[in-house]
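An overview of the molecular structure
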Amino acid sequence: MTKPPLTIHLAAPRGFCAGVDRAIKIVEMALEKWGAPVFVRHEIVHNKYVVDDLRAKGAVFVEELEDCPLDRPVIFSAHGVPKSVPAAAQARQMLFVDATCPLVSKVHIEAARHHENGLQMIMIGHEGHPETIGTMGQLPEGEVLLVETVEDVRHVDVRDPARLAFVTQTTLSVDDTADIVAALKARFPAIVGPHKEDICYATTNRQEAVKAMAPLCDAMLVVGAPNSSNSKRLVEVGARAGCGYAQLVQRATDIDWRALEGIASLGITAGASAPEVLVNEVIDAFRDRFDVTIKPVITAEENVEFKVPRVLRETV
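Residues numbered from 1 in each chain as written. Predicted model: local features only at pLDDT ≥ 70, side-chain atom pairs only at ≥ 80, totals over all residues. Heavy atoms only, no water.

1. Structural notes on the overall build of the protein chain
Looking only at helices and strands, the protein chain has 11 helices and 12 strands in total. Radius of gyration (C-alpha) of the protein chain: 21 Å, near the 20 Å computed for a compact globule of 316 residues. The principal-axis extents of the C-alpha atoms in the protein chain amount to approximately 65 × 55 × 30 Å. Sorting the 316 residues of the protein chain into buried and exposed places 51% on the buried side. Taking all contacts inside the protein chain whose residues are at least 6 apart in sequence as the whole, residues at least 24 apart take part in 77%. With the model as given, the accessible surface of the protein chain reaches about 14600 Å², and the carbon-plus-sulfur share is 52%. (Helix = DSSP H or I, 4+ residues; strand = E, 2+ residues; numbered from the N terminus. Rg over C-alpha atoms; globule rule 2.2 N^0.38 Å. Buried < 20%, exposed > 50% of the residue type's maximum accessible area, 1.4 Å probe, protein only. Contact = heavy atoms within 4.5 Å. Areas by Shrake-Rupley, 256 points an atom, 1.4 Å probe, with all protein chains shown as cover.)

2. With respect to the nonpolar core
Counting residues in hydrophobic clusters, the biggest one holds 31 residues, and the most contacted among them are V27, I44, L54 and I75. For this core, the element with the highest residue contribution is helix α1 (residues 18–34), accounting for eight residues. When near neighbours in sequence (up to four residues on either side) are disregarded, V27 contacts V40, I44, L54, A59 and I75. Residues V249, A252, L266 and F286 belong to the second largest nonpolar core, which totals 24 residues. (Core = buried A, V, L, I, M, F, W, Y, C linked by side-chain atoms within 4.5 Å.)

3. A short note on unusual backbone geometry
Note that the residue after A12, namely P13, is joined by a cis bond; omega there is 5 degrees. Take P13: it is sitting in the loop between β1 (5–12) and α1. Here the bond from A36 into P37 is cis, since omega is -5 degrees, no more than 30 degrees from zero. Checked against the element boundaries, P37 lands in the loop between α1 and β2 (38–41).

4. Here we look at the sheet that holds strand β8 (residues 164–168)
The strand order across the open sheet built from three strands is β7-β6-β8, with neighbouring strands paired in parallel fashion. Every interior strand has two partners, whereas the edge strands, β7 (144–147) and β8, have only one. Sheet twist, expressed as the average angle between the axes of neighbouring strands with direction ignored, equals 25 degrees. Judged from the four bridges that link them, strand β6 (residues 120–124) and β7 form a sheet pairing that is parallel. Counterpart to M123 in the pairing with β7 is L146. Packing against the sheet, helix α4 (residues 102–116) makes contact with β6 and β8, and its axis sits at approximately 170 degrees to β8. Docked against the sheet, helix α7 (residues 174–187) engages β6, β7 and β8, running at close to 150 degrees with respect to β6. (Pairing = 2+ DSSP bridges. Axes fitted to C-alpha atoms, helices over the stretch in contact; angles between N-to-C directions.)

5. Let's talk about the pairing of strand β10 (residues 246–249)
Note that strand β9 (residues 219–223) and β10 share four bridges and pair parallel. Across the sheet, V222 pairs through a bridge with L248, a residue of β10. Each parallel crossover has a hand, and the one from β9 via helix α9 (residues 229–240) to β10 is right-handed. (Right-handed = clockwise from strand over helix to strand, strands pointing away.)

6. Here we look at the sheet that holds strand β3 (residues 59–62)
Strand order in the open sheet formed by four strands is β3-β2-β4-β5, with parallel pairing between adjacent strands. The open sheet has two edge strands with one neighbour each: β3 and β5 (96–98). The mean angle between the axes of side-by-side strands here comes to 25 degrees, regardless of whether they run parallel or antiparallel. Lying over the sheet, α1 contacts β2, β3, β4 (74–76) and β5, oriented at roughly 160 degrees with respect to β5.

See below:
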């Protein structure tokens, strides 16, 4: 039987960013240096495949520091942690390695600097997300106010409208954030923003690729985890950019084939914590059913690399 033709538009850049790459490398190098088990507080990145792979190599994932033995190394996830976590690890004389993405650390430093200058912070982010918890946890209680929507900006209760600054979660939708920033500046004209956009280069680049790809596609799949903020934003960006059907899938087994009946063109991208092996798995699943032609949609070239912490580069 002849397979129906399908053009797959493949977004580039997609998948792993430098911060995710570094975080995974940190766990692998820690296992090499100190042997198993190495403990990791929270999922190192939001991807089940990556976490399961590291678990098979000897990483143990826990939610809190109290779940770690004192005599084994512990790694903090790429999303960042509140200041109280490394302080507690130091108090317990634990060996710890911080895998916080350097772009998230930049936001932490920014928040601390504004606090030192007597400004109250407003954070644009998602409540309960580990990165938001980590950033808000850099400052004392009440010093960081969270807003998620333009509506939240109307109701946020600040100490002094003339002494405010804002930061953002690094994995948000560029367009949504622009609306919230505009609302903040309209309500608080004196508010101080970051020198450079907090939303990370990888989030921005992946969203731009999706915007370019979406109008070309009958449907779009984003390979990523349901708890991955940047992956969920890619689905939203794709739908908003004109793609009739945009769906998040963790693996090829999650594809809803009935929803894709009759398509002639498909866009595929991947969130910043999704490995390329899962993208290939999804493409192979389409090759089984369609006569596939791949067309890359390239909107940027990435060559960013972040060093791992010195403790892992030092030989014993």
